[in-house]
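# Working through the structure, step by step
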Amino acid sequence: MSEWTTKQDILILAIYSKMLSLQELNLLGRGKGKTTKTNIIKEALVSTALKDKSFGSCEFKLMNVSAIYEKNNLETVTGYRALKNYAKALETAFNENRS
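Cut-offs used in this document
- Residues numbered from 1 in each chain as written.
- Predicted model: local features only at pLDDT ≥ 70, side-chain atom pairs only at ≥ 80, totals over all residues.
- Heavy atoms only, no water.
- Helix = DSSP H or I, 4+ residues; strand = E, 2+ residues; numbered from the N terminus.
- Buried < 20%, exposed > 50% of the residue type's maximum accessible area, 1.4 Å probe, protein only.
- Phe/Tyr/Trp six-rings, centres within 6.5 Å; stacked < 30°, edge-to-face > 60°.

## Examining the overall build of the protein
Scanning the protein from N- to C-terminus turns up 4 helices and 0 strands. From first element to last, N terminus to C terminus, the protein shows the α and β order α-α-α-α. The principal-axis extent of the C-alpha atoms belonging to the protein is close to 35 × 30 × 25 Å. Looking at the protein as a whole, 40% of its 99 residues are labelled buried.

Shown next, in the form of structure tokens:
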């Protein structure tokens, strides 16, 4: 598999943000949370710049995003424990696209 591009990093950050928004609305509660998260990732794998990434690769990248959120004292998506060994480019994309 190829390296992650800036476009893909921005997209995975947007997916994480979407999941976080759903979590805040209690739409990722017990029983439905994992299925909803899985469906969001699978949809992105089919219809976006993530087509060349595996489901597992996206899951790991989302855990990297959790680490960046933790580092910035932000709420994280439940179920994505922080993996702190992430590419600097992902953190740069986060900082440049933070709203």
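## Side note on the packing of aromatic side chains
Across all of its chains, the model carries 2 aromatic pairs by this definition. Taking 4.7 Å as the distance between ring centres and 50° as the angle between the ring planes, the aromatic pair formed by tyrosine 16 and tyrosine 69 counts as tilted. One end of the pair, tyrosine 16, is in helix H1 (residues 6-24); the other, tyrosine 69, is in helix H3 (residues 55-71), with 53 residues separating them in the sequence. The burial state of tyrosine 16 is the same as that of tyrosine 69; both residues are buried. Each residue in the set Tyr16, Tyr69 and Phe94 is aromatic and connected to the rest through ring pairs, giving one cluster.

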